[in-house]
Structure formats: structure tokens, C-alpha cells
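# Topology and contacts: notes
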Amino acid sequence: MDGGIASLPLLHVDGLSVDFVTREATVHAVSDATFNLKPGEVLCLLGESGSGKSVTLRALMRLLPEKRARIAGKVTLGGRDVLALQGNALRSFRGGTVAMIFQEPMTALDPVYTIGQHLMEAIRRHKGGSRAEARKRAIELLDLVKIPSPERRIDAYPHELSGGLRQRAMIALALSCGPQLLLADEPTTALDATVQIQVLVLLRRLQKELGMSTIFVTHDLGVAAEIADRVAVMYAGRIIEEGPVDDVLRAPLHPYTAGLLASTVHDQSPDQDIAAIPGSPPDLRRLPPGCSFAPRCAKALPACNDGFPHPTYPVADRMVRCWRALPL
Amino acid sequence: MSDQAILSAPGAAAEYDSAPATKVRGYWQSVAYRLSHDWITLIFGAVVLVIILIAVFAPLLAPFDPYAQSIVGRLKPMGWRGHPLGTDELGRDMLSRLIYGGRISLIMGLAPVAIAVMIGGTLGVIGGFAGKVANTAIMRTMDVFYAFPSILLAVAISGAMGGGIFNGIISLSLVFIPAMCRVAETATSQVKNLDYIEAARASGAGTFAIIRHHVLGNVLGPVFIYASSLVSVSILLASGLSFLGLGVQPPEPDWGLMLSTLRQSIYVDPLGCAMPGIAIFITSICFNLVSDGVRAAMDVRI
């Protein structure tokens, strides 16, 4: 796919919806998410807990339990229909075409295998080759993610590494088979602040060097500003605003994005209150008929409660779903 | 000490970024290290080894034929006519019978546990990893067996099938399978929902590969530890069955059976009567303590 036309999106997600069906209720975890991702681009999915960020990622990788998760919409990656993949094609798609970095490096590595065994298993699964070749490649990967003395660390068990090193090993594992798309599910949330920056810088550098498209899930606006080309803000399962990172974070169009930005801690004096958004997110089992943010929105109009706003494009390359945003 | 040597091996220049070289020894090496410093386990492990060796080389070690009876030499004390531990109620050499009895006791201790690990472990992993229906079917069936006290279940099955070593092994296996299954199921369902299973799936592993590498790798530890603690239980239960006449049949030399037949002469020869009991006690406590020591060294919680 590398030789394709550069402007053509690598990933095309159209109207993706994920419902979790249980006997008692249906949870609308993701509703009608639409976005594109160009080769080499970094998209940040931004939103609070339970807004559907992680579910969107898992849907892209088909990791959701097939019985309970009802997925609708269309996901195309490099011309292939992801939602139709089955069996072997699905298994080589996972890990080979798309790779994922998990939030908790502590639990995402199997404690009974060494780092090297993890890497070699994935390499040999996707690329084949002898054990010696796989080991050599594994050491290269550990070197690539800047793990010091990789020849020795390759035989370390996960518990013998620090959190930062473990997350680096996790990144190496994700990169082991040269994916076109990297999904990162809050990869820095579980790390110390100092290590967070190191891992972010590393991810950004690797992403540039290897030219991977990346979807990065976070609830940290600072992280988004650091790493993203574009951001998509999610609220109650919907993408409510999407656009280039600088524009969205400097001049948010949606009142929710504006509220998020206003509630961050920056240069205020210590005695000043932080502007919080009143209320709490809606119950995903019973979404309001209109805009799901309207009950908390200071700028809500009567029309807001009638129907969810359609995507509008008030400025080129920016999408927002809010009646208020139309006249900029 | 040797770790220090490895650290400073390549060049004297301090490697700043490799300072915390955490790689010291692998898992099994550290288990071996901990075991080598645990004297109690080592001593009892040596006793277990001796018992096993005695059982294996029984024909070479036994001074007399364990079946040879003597009507004049019944219930003789230690040292009588070259019988180191005396004779039993039919004039057979006590030491030889104890030595040969060890063979049967070890078989009865190990075989049912091995069978239970294979069958119960497999069922448990399937039950833990598969969906709700398979889990319910397997685990509720096991619960039915659980409802009986183990000795009662063993007695009932042996009684229904008749005596003999083979039937004894089968009945004890059936007693252990539910417990083994429960341990494997618990360990599997704990592992199943951890991130690394999802991570393995995310890197393209199929269900079979996930079970083989990630589930078994994490489940075998607790299963093995639990199995080792069952060996002594199995020896005790087997002796109990033989004592009740449901296990090994006369004239086979079995500790439980010997205990049962010598019981009648307890007022005549209390020491001789106690000997098979002492053998059972030593063997089962040694297996128990070794199992405890290995568990501590492997640091696996059941």
C-alpha cells in the first residue's frame, strides 16, 4: 500500500457504531463515528472515561467479544474491509497490519515469558524464520525502542523491568511486524510523569521514522498537543469535533471541547477555582434524543434537545457536531 | 558474586544507562536457588528420593522373599533368625514386605494424581476458557462429585468395582479429578481476562496458540503444586482402601493391607503392628513437606 496515492486515506471509518447487548439493556458505546486517517498521520482520540475511545480502538482491531458487541458501519484499511475479515486473514491482520499498545505494561505482558520470547513468538508468527533470526530481530527492536543493553534485557522477565522499560518492550512488540497502523490505548497513563515524556517522544520519533499511521487514545490534552496531527474529541460515544490539533485546541468550536480546555490546570493562581463542566456524562444505556451534551451545555438552544446535530464543516478540514458552531 | 563479574566484564567504563541490570537469573534458576537454601525441603526431598530408590530396587534390597511364609516363625521380634524387623502373622519377613509395599504405595500415590492432572486439568482449562455453557456443564458435574467426602467416594467406587490395584487407581483418580479441575478452572479464568491474553489476540495469536502458550504457561504452576500436595493424600487414601479390604488384595505386600492384617495381633506384637503405619506416616509427611517447600520456592498461591 506504500506506493499508493499519498492523499488517499489509509484508514476510512464510516458510521462506526458499537452496541453492547445484554439482557437488561443495550449500551451504545460508540455511535456513528466517522473519520479518516492518512498514511503517516497521528490522530488523537480525546475524551473522558467511558466516552468510547478504547471501544473504538478495539472495534478497529476486531477485539470486542463477537457475541455481545454489535458493530455496525464500515471500516476500510488499505482497501480491505476490516469488519468482514475472518479466520486466518483476521489473525494476520492483527499484529501484522495493525498493532496495539496497551495501557498497562504490567498486565499486558505474560509474566511467565521473557521479553525475548514475547517478541520472537510474534515475529515468527507473522514473518517466519529461524529462532536465531527472530532473536536477532528482537534485539534490533529492543535497540530501536532505546532499551539499554538489549542483549541482556531480552532474557528478562516482565517483572524484572521498570514500568518505562516494560512499556518500551510493549512498543517493540507492537512494532515487531511492521504494522501500517498503530493503535495506542493510553500508553502513557500508567507511567510516571518523567517517563511519560520519554515514551511520548520515542513514539513520535518512531512514528515519523517508520511512517506509521497512529491512533492515540488519551484523556490528557497535553499529551494530545504533544503528539497529534489531528484530534477527534469524543463525548458519550460520539465524535463531536475533529480537526487539526492546533486549531481544535486553540479555537474549539464545540462547547464541550471549550469546557475541557477551560478545566485544565495551567497558569492560574493557586487560589483560583478551575472551571469545571457542571453535571456528568449521560448514561450510555439511555442516551437523550438530542445532543447528548445539551443537558450540561451552557449554550444549549431549544433545538439541541430535538435531534443530534449532523456533522458540519464550518472551516475547511474541521468537523463539528453542534448547532451553535455554525456561525463562527 | 558471579553476577558482579558479568556486570563489570566488558570494559571498565561504567555503563551509565545499563546501571540497573536486572537480569540476574531466570525463573527456574531462582526457584532452584531458593530450594538450595531450604534445608528442610532438601532433607525431606532426600528421604523421598531414598524411598523411591528403595521401591525401584526392591528385589535387590529385600533380604527375603516377601511372600515366603513360615508357620513356626510367626510374629517374631526384631533380629530373629536374621529377620531385621522380625516377621508378620504368617511368618513373612517384615522388612522385605515393607520394601515391596513401598512400590505399591508409590504407584498408588503417583498414578491417580497423574491421571487426575491430565483429565481434570484439561477439563478445567476448557471450562475456564470456554464460554458459559461449557463451564457450567463441566463445573456443575464436578460439584456433584465434590458433594461426597473423598474417602467415602473412593470407598463407594472401589466397592462398586471390586478390589485390586487397577480399580483402586481408577477410584482415586475419580476422587482427585474434581479438585484438580477446580484448581485449573480457577487459574484459567483468572488468566483469561488479563491484558496479555487480549494483547496476544491483538498480535494475531489464535485461540489454540493462546491456550498453549499463555494459559498453560500460567496454569501449570498452580496445578503442579496442588498435584504434589495430593500425592500424600493419595497414599493415605490408598492405604485406607487397602485397610478396608477394597484396595490391594492379599497376599500382595501393601502398607495399608499389612496394617489391617497385623491389627489383630496388636496386643501380641505392638511394634510389628506399628511398622507399616510408620512407613505410611514417613512417606506421606515427606511428600507433604517437599510439596510445601516447592510451593514456597515457586511462590505460587493456590
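Predicted, not measured: the structure shown is a model, and the values here were computed from it.

With that out of the way, let us pick up the pairing of strand E9 (residues 230–235) of chain A. Residues and elements named next belong to chain A. Counting buried positions over the 6 residues of E9 gives 6, a clear majority of the element. The pairing of strand E3 (residues 42–46) with E9 spans 4 bridges and is classified as parallel. The residue of E9 that forms the bridge with Leu 43 is Arg 230. Both E9 and strand E10 (residues 238–244) contribute to a ladder of 6 bridges, which runs antiparallel. Bridge pairing in E10 links Met 234 to Ile 239.

All right, on to the sheet that holds strand E7 (residues 181–185) of chain A then. Residue and element names in this part refer to chain A. Read from one edge to the other, the open sheet built from 7 strands follows the order E6-E7-E8-E3-E9-E10-E11, with strand pairing classed as mixed. Two strands in the sheet have a free side with no partner beyond their single neighbour: strand E6 (98–101) and strand E11 (319–320). Both E3 and strand E8 (residues 213–218) contribute to a ladder of 5 bridges, which runs parallel. Bridging across to E8, Leu 45 finds its partner in Val 217.

Let's shift gears to the confidence of the model for chain A. For chain A, per-residue confidence averages 87 on the pLDDT scale, and 97% of positions sit at 70 or higher. When the criterion is pLDDT under 50, residues 1–6 of chain A qualifies, and its contacts beyond four places in sequence or with other chains add up to 4 contacts.

Ranked by internal contacts, the top residues of the largest apolar core, which has 104 residues, are Leu 11, Leu 119, Ile 171, Leu 181, Leu 183 and Ile 215 of chain A. In terms of residues, this core owes the most to one element, helix H6 (residues 163–175) of chain A, which gives 8 residues. When residues no more than four places from it in sequence are discounted, the contact partners of Leu 11 of chain A are Phe 35, Asn 36, Leu 37, Leu 60, Val 75, Thr 76, Leu 77, Leu 181 and Ile 215 of chain A. By size, the runner-up hydrophobic cluster in this structure holds 54 residues, among which are Val 31, Val 113, Met 139 and Leu 246 of chain B.

Calculation rules
- Residues numbered from 1 in each chain as written.
- Chains lettered and ligands numbered in written order.
- Predicted model: local features only at pLDDT ≥ 70, side-chain atom pairs only at ≥ 80, totals over all residues.
- Heavy atoms only, no water.
- Buried < 20%, exposed > 50% of the residue type's maximum accessible area, 1.4 Å probe, protein only.
- Helix = DSSP H or I, 4+ residues; strand = E, 2+ residues; numbered from the N terminus.
- Pairing = 2+ DSSP bridges.
- pLDDT = per-residue confidence, 0-100.
- Contact = heavy atoms within 4.5 Å.
- Core = buried A, V, L, I, M, F, W, Y, C linked by side-chain atoms within 4.5 Å.

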